[in-house]
Amino acid sequence: MIFVTVGTHEQPMNRLLQELDRLIESKVIQEEVIIQNGFSDFEVRGAKMEQLLPFKEMQKNMEDARGIITHGGAATYLQALALGKVPVVVPRSFAYHEHVNDHQLEFAQKLVAVGYQLEIVEDMADLELAIKHVATLTGETKSHNAEFNQHFEEVVGELFNKG
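For clarity, every value in this text was computed on a predicted model and none was experimentally measured.

### With respect to the overall build of the protein chain
Then comes step 1: Each helix and strand counted, the protein chain has six helices and six strands in total.
Then comes step 2: In the protein chain, the order of α-helices and β-strands from amino to carboxyl end is β-α-β-β-α-β-α-β-α-β-α-α.
Then comes step 3: For 163 residues, the compact-globule estimate of 2.2 N^0.38 gives 15 Å, and the protein chain sits close to it at 17 Å.
Then comes step 4: Each principal axis of the C-alpha atoms in the protein chain carries an extent, and together these give about 60 × 35 × 30 Å.
Then comes step 5: In the protein chain, the share of contacts with a sequence separation of at least 24, taken over all contacts with a separation of at least 6, comes to 59%.
Then comes step 6: Charge centroids of the protein chain, computed over 14 positive and 25 negative side chains, lie 3 Å from each other.

### Things to note about empty space enclosed by the protein
Then comes step 1: In the structure shown here, the tally under the stated rule is one cavity of 30 Å³ or more.
Then comes step 2: Taken as a whole, the largest cavity holds about 50 Å³ of empty space.
Then comes step 3: When residues of the lining of the largest cavity are traced back to their parent elements, those giving at least two are strand E4 (67-70) and helix H5 (127-136).
Then comes step 4: Residues belonging to the lining of the largest cavity are distributed by class as follows: seven nonpolar, one polar and one charged.

### Section: the sheet that holds strand E3 (residues 48-50)
Then comes step 1: Reading across the sheet, the six strands line up as E3-E2-E1-E4-E5-E6 and stay open at both edges, with parallel pairing between neighbours. The open sheet has two free edges, formed respectively by E3 and strand E6 (119-120), since each of these has just one partner strand.
Then comes step 2: Pairing of strand E5 (residues 88-89) with E6 involves two bridges; the strand directions are parallel. When the bridges of E6 are listed, Val88 appears paired with Glu119.

### Quick word on the packing of helix H3 (residues 74-82) against helix H4 (residues 103-113)
Then comes step 1: Contact pair H3 / H4: the axes reach a minimum separation of 11 Å and the direction vectors enclose 30 degrees. When the axes of H3 and H4 are compared, the pair comes out roughly parallel. Note on element contacts: H4 touches H3 through Phe107, Ala108 and Leu111, opposite Ala74, Tyr77 and Leu78.
Then comes step 2: When its residues are assigned to classes, the contact of H3 with H4 shows six nonpolar, no polar and no charged.

### A look at the nonpolar core
Then comes step 1: Counting 25 residues, the largest nonpolar core has Leu16, Leu20, Ile35, Ile69, Val90 and Leu127 as its most contacted members.
Then comes step 2: If you list the elements that add at least two residues to this core, you get strand E1 (2-5), helix H1 (14-25), strand E2 (33-36) and H5.
Then comes step 3: Looking at this core element by element, the count peaks at five residues for H1.
Then comes step 4: Once residues within four sequence positions are removed from consideration, Ile69 is found in contact with Ile2, Phe3, Val4, Thr5, Leu16, Leu20, Val88, Val90, Leu127 and Ile131.
Then comes step 5: The next biggest cluster of nonpolar side chains, apart from the first, holds nine residues, and it includes Ile34, Ala65, Ile68 and Ala80.

Reading the values: the criteria
Residues numbered from 1 in each chain as written. Predicted model: local features only at pLDDT ≥ 70, side-chain atom pairs only at ≥ 80, totals over all residues. Heavy atoms only, no water. Helix = DSSP H or I, 4+ residues; strand = E, 2+ residues; numbered from the N terminus. Rg over C-alpha atoms; globule rule 2.2 N^0.38 Å. Contact = heavy atoms within 4.5 Å. Lys, Arg positive; Asp, Glu negative; His and termini not counted. Charge placed at Lys NZ, Arg CZ, Asp CG, Glu CD. 1 Å grid on protein atoms, 1.4 Å probe; cavity = no way out; pocket = protein on both sides within 12 Å on 5 of 7 lines; lining within 4 Å. Points joined across faces, edges and corners; volume = space filled by probe spheres on them. Nonpolar A, V, L, I, M, F, W, Y, C, P; charged D, E, K, R; others polar. Pairing = 2+ DSSP bridges. Axes fitted to C-alpha atoms, helices over the stretch in contact; angles between N-to-C directions. Parallel < 35°, antiparallel > 145°, perpendicular 65-115°, else oblique. Core = buried A, V, L, I, M, F, W, Y, C linked by side-chain atoms within 4.5 Å. Buried < 20%, exposed > 50% of the residue type's maximum accessible area, 1.4 Å probe, protein only.

The following block contains the structure:
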């Protein structure tokens, strides 16, 4: 199963759904697809779609999924990484009126630059290849928890030592 989420931002993200529809219709994707489509209004044929999902159901879908395709909301793709999965990240784009700026792309690129395993897709023509690439990975992701905790402790320590 492939789980897709576009988040809950009020601007639609139909370009991702349109490409998924094409990939399902052309049989590139032949497995079950579950989509949390938020405020997008494009109907993907051959997929189960829900506007919003409770957190527990989102979590279960992510756990059960062979692949996760997500908007660029950091909490979502970091959760996928915590589950040991490499997500395909399609950041919302200002150019397509999907968000107020391009912060999702910028943040995802910064995380990739420091070693996080994300498959970033900016151009929908690259989605098929990204899905195939992620399917070939071993599923072993690098955890950054220890590094994050160490840095967090340093920042908090500095804040308290300034007073």
